[in-house]
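Residues per chain, in single letters:
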Amino acid sequence: MLNKVVLIGRLTKDPDTRVLNSGSSVSTFTLAVDRTFKSRDGERGTDFIPIVAWGKTAELCGQYLSKGRQTAVAGRIQTRSYDANDGSKRYVTEVVAEEVTFLGNKDDNKKSQAKSDNEFGVPMDGFSEMDDDDMPF
């Protein structure tokens, strides 16, 4: 059986990172992921996916992630339930992050950045643009 999910999106707010009584770190955040299709009115929908990271991954998320940051998450889907204060049973579906890759800042889509304005986000200090005519092959 296989339970694997890979998502790329932007954080809706700064992660909530804390250390539990057991000493384990946990970080929770929500990833806004655009849908690949458009609705009849031409709008692209967005899904808001809850993410949970544990241990060193949680610590790094708390240190480096912030609202608006583009992030890739690979992990597994988990469902769980709990009893709410009003006595009702609540169900939660979330992604448990096994890998988190920090892709960019919330301002990365602005072309005003001088140091990382190529399509791969690579700093361009000391490099110049090449035309296809300059290629040796």
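Being a predicted model, the structure only gives us computed values, none of them experimental. (Residues numbered from 1 in each chain as written. Predicted model: local features only at pLDDT ≥ 70, side-chain atom pairs only at ≥ 80, totals over all residues. Heavy atoms only, no water.)

One broad trend across soluble globular proteins is that nonpolar side chains are buried collectively. Leu7, Phe29, Leu31, Ile51 and Val73 are the most contacted members of the largest nonpolar core, which totals 15 residues. Elements with a contribution of two residues or more to this core: strand 1 (5-11), strand 3 (25-38), strand 4 (44-54), helix 1 (55-64) and strand 6 (89-104). For Val73, the contacting residues outside a window of four places in its chain are Val5, Val6, Leu7, Phe29, Leu31, Ile51, Val95, Ala97, Glu99 and Val100. (Core = buried A, V, L, I, M, F, W, Y, C linked by side-chain atoms within 4.5 Å. Buried < 20%, exposed > 50% of the residue type's maximum accessible area, 1.4 Å probe, protein only. Helix = DSSP H or I, 4+ residues; strand = E, 2+ residues; numbered from the N terminus. Contact = heavy atoms within 4.5 Å.)

Once that is clear, we can look at the pairing of strand 5 (residues 70-83). In summary, the side chains of a regular strand alternate between the two faces of the sheet. With 6 bridges connecting them, strand 1 and strand 5 associate as antiparallel partners. Each bridged residue has a counterpart across the sheet, and for Gly9 the counterpart in strand 5 is Thr71. Pairing between strand 5 and strand 6: 14 bridges, direction antiparallel. Each bridged residue has a counterpart across the sheet, and for Ser81 the counterpart in strand 6 is Tyr91. (Pairing = 2+ DSSP bridges.)

Before going further, it helps to examine the pattern of salt bridges. Under the defined criterion, the tally for this structure stands at 6 salt bridges. Notably, a salt bridge pairs Lys89 with Asp83, separated by 3.6 Å at the nearest N-O pair. Two residues, Arg90 and Asp86, come together in a salt bridge whose shortest N-O distance is 3.4 Å. The class for Arg90 is partly exposed, based on a relative accessible area of 36%. When its relative accessible area of 57% is taken as the criterion, Asp86 is described as exposed. (Salt bridge = Lys/Arg side-chain N within 4 Å of Asp/Glu carboxyl O.)

Keep in mind that these numbers describe shape and distance, not what the molecule does.
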